[in-house]
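Here are the chains, one letter per residue:
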Amino acid sequence: QVQLVESGGGLVQPGGSLRLSCAASGRILNFVAMAWHRRAPAKERELVATISGGGITSYADSVKGRFTISRPNANYAVYLQMNSLKPEDTAVYYCQLITLGDNYWGQGTQVTVSS
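Residues numbered from 1 in each chain as written. Predicted model: local features only at pLDDT ≥ 70, side-chain atom pairs only at ≥ 80, totals over all residues. Heavy atoms only, no water.

Draft legend 1. Region of the structure containing the side chain of Arg38. With respect to the element layout, Arg38 can be found in strand E4 (residues 31-39). Within the structure, Arg38 has its side chain in polar contact with the side chain of Ser62 (distance 3.4 Å). Separated by 2.9 Å, the side chains of Arg38 and Tyr93 make a polar contact. Contacts of Arg38, omitting those with residues within four sequence positions, involve Glu44, Arg45, Glu46, Val48, Ser62, Val63, Phe67, Glu88, Asp89, Ala91, Val92 and Tyr93. (Helix = DSSP H or I, 4+ residues; strand = E, 2+ residues; numbered from the N terminus. Polar contact = N/O pair within 3.5 Å; in protein donor to acceptor, adjacent residues only side chain to side chain. Contact = heavy atoms within 4.5 Å.)

The structure is reproduced here in structure tokens:
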């Protein structure tokens, strides 16, 4: 069984930075990509950033230039470096691992941007 565990969330002031981490364990076959999503209160879930097995990245317009997704070599893990944080970035952030046959999700980590 594949499990994803996120960490790194917390409370930060506007303009600050946080780095989220996600590590996957278990038997992973036919890996495709990893991604970060977020869900703010009373809003739909939003795809924040994606990184493929080959290292190709994509970002939501709302975070371009501020967030960076990356993966350590040879590991099923993913980071999200978040800089210049804004109050509207406040949300629960979820890690996703995508394979050819399935999707796996972490439990989520809360990020709150407030003064």
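Next comes the rest of the account.
Draft legend 2. Representation of the sheet that holds strand E8 (residues 77-82) in the model. Reading across the sheet, the 4 strands line up as E1-E3-E8-E7 and stay open at both edges, with antiparallel pairing between neighbours. Bordering the open sheet on either side are strand E1 (3-7) and strand E7 (67-70), each of which pairs with just one other strand. Here the average twist between neighbouring strands, direction ignored, is 15°. For E1 and strand E3 (residues 18-25), the ladder comprises 5 bridges, and the chain directions are antiparallel. Bridge pairing in E3 places Ser7 opposite Ser21. (Pairing = 2+ DSSP bridges. Axes fitted to C-alpha atoms, helices over the stretch in contact; angles between N-to-C directions.)

Draft legend 3. Quick look at the environment of Leu100. With respect to the helices and strands, Leu100 occurs in the loop between strand E9 (91-99) and strand E10 (103-105). Overall, the relative accessible area of 69% leaves Leu100 in the exposed class. Excluding its chain neighbours within four sequence positions, the residues that come into contact with Leu100 are Asn30 and Val32. (Buried < 20%, exposed > 50% of the residue type's maximum accessible area, 1.4 Å probe, protein only.)

Draft legend 4. Fine view of the state of the cysteines. Within this structure, the stated rule accounts for 1 disulfide. Between Cys22 and Cys95 runs a disulfide, and the two sulfur atoms are separated by 2.1 Å. Taking the torsion about the sulfur-sulfur bond, which here is approximately -80°, the covalent link between Cys22 and Cys95 counts as left-handed. Linking Cys22 in strand E3 with Cys95 in strand E9, this pair joins segments that are 73 residues apart in sequence. By relative accessible area, Cys22 is classed as buried at 2%. Overall, the relative accessible area of 0% leaves Cys95 in the buried class. (Disulfide = S-S within 2.5 Å.)

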